[in-house]
Amino acid sequence: MSASFIPKSDFLSVLMERGYIHQCSDFEGVDAKAKAGELIAYIGFDCTASSLHVGSLVQIMMLRWLQKTGGKPVPLMGGGTTRVGDPSGKDESRRMLSLDDIEANKTSIKQVFSKFLTFGEARTDAVMPDNAEWLTALNYIDFLRDVGRHFSVNRMLSMDSVKMRLERDQELSFIEFNYMCLQAYDFVELHRRYGCLLQMGGSDQWGNIVTGIDLGRRMGAPQLYALTSPLLTTASGAKMGKTAAGAVWLNADMLPVYDYWQYWRNTEDADVGRFLKLFTDLPMDEIRKLEALAGAEINEAKKILATEATAMLHGRELAEAAAQTARQTFEEGSLATSLPTVEIAASELAAGIGVLSAFVKAGLVPSTGEARRQVKSGGLRVNDAPVTDERAQLSNADLMGEGVIKLSFGRKKHVLLAPRA
RNA sequence: GGGGGAAUGUCCCGAGCGGCAAAGGGGGCGGACUGUAAAUCCGCUGGCUAUGCCUUCGCAGGUUCGAGUCCUGCUUCCCCCA
């Protein structure tokens, strides 16, 4: 990024100050459009799953800031490209999704976007097109004649993503090779339909985005722009968005609000400042104060990060509730009845149930074998007392005053077992 | 078309004279230490109605008391020659 560049637009000022920018094809150009309030930008999202996860959050936030600073965000659903199936995962030819699945995924994903963006008809309202709208209608011959002739295979071969695969003798299917053409075409089509001038994305998308700019020029569109965000890893090098249980989903039905709050609460010290800037709306001077906290005090900053990030996605009320649950569980050591609860038939409990299978039922461990091992290393607790006997039985006698049994796996994962009549 | 290699624990990489639930990493999980952090150290890392039973080494057969290991056929991938 050019260090000397000083943006005049709110959009670029915010993005630069908060660390969203890795590369931009033309800072002055984007700045001028943003300043003039003419900036319409898109980011592509694939819809292979029914929810986006934390890995997409930087992108979503960029669209959010665009809207807040007077631009029009266009989250593009990759319904068309999903239909082809993405072959880039080395060998497993990923199964193609049915049209119904894709539609269901789109609906589910749009729910998340509507938390971050305002949709509608007004000038800065977001729109969510699906590239299936134009890609499926394409005629192969027409596409080759009108679009395909603008692509230079020589250049495509020299792109890093392709070159790497060739050098490693890795399979590169024709479909995959065509992905960049389709993505480039999306850009041109979005300009045609919505006057979209800028494509944003992760830094790995740079090549594809620039290819789109190039195609635009050849097909008579005005100057288009590219802006990428840095690839996010935690300070210790792990990819964002993965935890023990799997991906950190944004939809509440795939990841409870409490778990989402916990994800942010467990941020590494070294990441707190960076994450506050990227994943909350807090003003910069407040963030500067928070990230200056040292030692154990930085935990306060982590709580704020967790609550703010959660509030943006799930609402203030649920975020505060999650914070409250955590406070009771970790700081006061009291029983928070708002912990995730798993129900069990009252008759089953009355008859007595093995501790091991109780933990499996609660979803804390995947198998009784794993539960058995965890008992040996002291990782399981019932009502805060370590499980020492793997043959122990749980029954009504273990119900606490609140009528539940608290099962804990490790220091942080807690579930309440509640009898159901 | 001809010749030569490869496929291993459902996260990945990877060893494996016919006695193997299968070495070693990475990753992950748990414990200790802390601050619900990082770093470090220790343990664990097929399933079950569990001193036993069941399922695993590309697929299908065969030889053998016994096969990841040997034989045959097949599938997929890679390399060299054409």
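None of the values given here were measured: they were computed from a predicted structure. Throughout, a residue's number is its position along its own chain's written sequence, starting from 1. Each chain gets a letter, beginning with A, and each ligand a number, beginning with 1, in the order they are written. Local features in this predicted model are restricted to residues whose pLDDT is 70 or higher, and side-chain atom pairs enter the listing and the counts only when it is 80 or higher, whereas totals over whole chains, interfaces and linings include all residues. Hydrogens and water are ignored here; the side-chain numbers use all heavy atoms of the structure.

> What's the story with the protein's contact with RNA strand B in this structure? I'm lost.
The environment of RNA strand B is formed by 31 residues, the closest being N266, D269, R372, R373 and K413. Atoms of RNA strand B within 4 Å of the protein: sugar and phosphate make up 66%, bases the balance. Polar contacts, as counted here, are pairs of nitrogen or oxygen atoms within 3.5 Å of one another; within protein the pair requires one atom able to donate a hydrogen and one able to accept it, and residues that are adjacent in sequence qualify only if both atoms are side-chain atoms. The side chain of T368 places a nitrogen or oxygen atom 3.1 Å from a phosphate oxygen of RNA strand B. One nitrogen or oxygen atom from the side chain of R373 is found 2.5 Å from a phosphate oxygen belonging to RNA strand B. Numbering of helices and strands starts at the N terminus; helices are DSSP runs of H or I of at least 4 residues and strands are runs of E of at least 2. Taken together, the elements giving at least two residues each to the surface near RNA strand B come down to α12 (257-265), α15 (298-314), α16 (316-332) and α19 (368-376). Only Asp, Glu, Lys and Arg are considered charged in this grouping, and only Ala, Val, Leu, Ile, Met, Phe, Trp, Tyr, Cys and Pro are considered nonpolar; every other residue, Gly among them, is considered polar. A per-class count over the surface near RNA strand B returns 7 nonpolar, 13 polar and 11 charged. We define proximity as follows: a residue is near a molecule or strand when any one of its heavy atoms falls within 4 Å of that partner.

> Mind showing me how you'd approach the pattern of salt bridges here?
Note that side chains of opposite charge can pair when their charged atoms are close. When a carboxyl oxygen of Asp or Glu is within 4 Å of a side-chain nitrogen of Lys or Arg, the pair counts as a salt bridge. Evaluated as defined, the whole model comprises 23 salt bridges. A salt bridge links E331 to K303, with the nearest nitrogen and oxygen atoms 2.9 Å apart. Separated by 28 residues along the polypeptide, E331 in helix α16 and K303 in helix α15 bring together distant segments of the chain. Partly exposed residues are those whose accessible area sits between 20% and 50% of the maximum for their type, while under 20% is buried and over 50% is exposed, using a 1.4 Å probe and protein chains only. On the basis of relative accessibility, which here comes to 48%, the residue E331 falls in the partly exposed class. Within the structure, one salt-bridge network assembled from shared partners comprises E133, E189, R192 and R193.

> How should I be thinking about helix α2 (residues 27-35) in this particular structure?
One turn of an α-helix holds 3.6 residues; hence residues three or four places apart share an orientation. Taken residue by residue, α2 has F27, G29, V30, D31 and A34 as its buried positions. Packed against the buried residues of α2 are α1 (10-18), β1 (23-24), β4 (198-202) and β5 (225-229). The opening residue of α2 is D26, an N-cap whose side-chain oxygen sits 3.3 Å from the backbone nitrogen of E28. Note on contacts: a residue pair qualifies if any of its non-hydrogen atoms lie within 4.5 Å across the two residues.

> Any chance you could explain a nonpolar patch on the surface here in plain terms?
The patch calculation keeps residues exceeding 30% relative accessible area without a salt bridge and links them within 9 Å when they carry like charges or within 5 Å when they are nonpolar (Val, Leu, Ile, Met, Phe, Trp, Tyr). Residue burial considers only the protein chains on display, and all accessible areas are found by Shrake-Rupley using a 1.4 Å probe. Residues Y140, I141, L144 and F174 make up a contiguous nonpolar surface patch of about 470 Å² in total accessible area. Top element by residues in the nonpolar patch is helix α7 (residues 140-146). It accounts for 3 residues.

> How should the packing of aromatic side chains be read in this particular structure?
Aromatic ring pairs are defined here through the distance separating the ring centres and the angle between the ring planes. Any Phe, Tyr or Trp ring, taking Trp's six-membered ring, that has another such ring centre within 6.5 Å forms a pair; planes under 30 degrees apart are called stacked, those over 60 apart edge-to-face, and the others tilted. Applying the stated criterion to the full structure yields 9 aromatic pairs. Measuring from centroid to centroid gives 5.2 Å for F5 and F27, while their planes differ by 35 degrees, and the two rings are tilted. With a gap of 22 residues between them, F5 in the segment before α1 and F27 in helix α2 connect regions that are remote in the sequence. By the burial criterion, F5 is buried, and F27 matches it. For the ring pair W264 and F279, a centre distance of 4.9 Å and an interplane angle of 50 degrees mean the geometry is tilted.

> Got a minute to help me understand the nonpolar core in this structure?
For soluble globular proteins, nonpolar side chains are generally found buried alongside one another. With 103 residues, the main nonpolar core has F113 and W264 as its most contacted residues. The dominant element in this core, judged by the number of residues it contributes, is helix α10 (residues 174-194), at 9 residues. The residues contacting F113, other than those within four sequence positions of it, are F45, L52, I60, L63, P75, M77, F119 and M128. Among the nonpolar cores identified, the runner-up in size contains 21 residues, and L349, V355, L356 and L417 belong to it. The criterion is simple. A nonpolar core is a set of buried Ala, Val, Leu, Ile, Met, Phe, Trp, Tyr and Cys residues joined through side-chain atoms within 4.5 Å.

> It is not clear to me how the sheet that holds strand β13 (residues 405-409) should be interpreted in this structure. Could you clarify?
Pairing between two strands requires that DSSP report at least two bridges joining them. Reading across the sheet, the 5 strands line up as β8-β14-β13-β10-β11 and stay open at both edges, with mixed pairing between neighbours. The two strands at the open ends of the sheet, each matched to only one other strand, are β8 (341-345) and β11 (385-386). The pairing of β13 with strand β14 (residues 413-420) spans 5 bridges and is classified as antiparallel. Within β14, the residue paired with F409 across the bridge is K413.

> Any chance you could explain empty space enclosed by the protein here in plain terms?
Where empty space is left in the structure can be found by rolling a water-sized probe over the atoms. Only protein atoms enter the 1 Å grid used here, on which a cavity is any set of points holding a 1.4 Å probe that cannot leave and a pocket is any open set flanked by protein within 12 Å on both sides along at least five of seven lines; residues with an atom within 4 Å of a point are listed as lining. Grid points are joined across faces, edges and corners, and a volume is the space filled by probe spheres set on the points. A full pass over the atoms with the stated rule returns 1 cavity of 30 Å³ or more. There is about 90 Å³ of room inside the largest cavity. H150, F151, S152, R155, M156, M159, T211, D214, L215 and R218 together form the lining of the largest cavity. Broken down by element, the residue count for the lining of the largest cavity peaks at 4 residues, all from helix α11 (residues 206-218). When grouped by side-chain class, the residues that make up the lining of the largest cavity number 4 nonpolar, 3 polar and 3 charged.

> Looking at this model, I keep getting lost on unusual backbone geometry. Mind explaining?
One can expect most non-glycine residues to show negative phi and most peptide bonds to be in trans. Although it is not a glycine, N383 sits at a positive phi angle of roughly 50 degrees. Its location among the elements puts N383 in the loop between β10 (380-382) and β11. N383 gets classed as partly exposed once you look at its relative accessible area, which sits at 21%.

> I'm lost on the sheet that holds β4 in this one. Help?
For sheets, the rule is that strands pair by backbone hydrogen bonds, running either parallel or antiparallel. Spatial strand order, β1-β5-β4-β2-β3: 5 strands in an open sheet with mixed pairing. Of all the strands in the sheet, just β1 and β3 (72-77) have a single pairing partner and so form its edges. Strand direction decides the pairing type here: β1 and β5, joined by 2 bridges, are antiparallel. Looking at the pairing, C24 lines up with L227 of β5.

> When you look at the confidence of the model for chain A in this model, what are you seeing that I'm missing?
Segments scoring low in pLDDT should not have their predicted coordinates read at a detailed level. For every residue, the predictor states its confidence as a pLDDT score lying anywhere from 0 to 100. In this model, chain A carries an average pLDDT of 87, and 89% of its residues clear a pLDDT of 70 or more. Throughout residues 86-95 the model reports pLDDT below 50, and contacts reaching past four residues in sequence, or to other chains, amount to 10 contacts. Two numbers describe this predicted complex: its pTM, 0.87, and its ipTM, 0.84.

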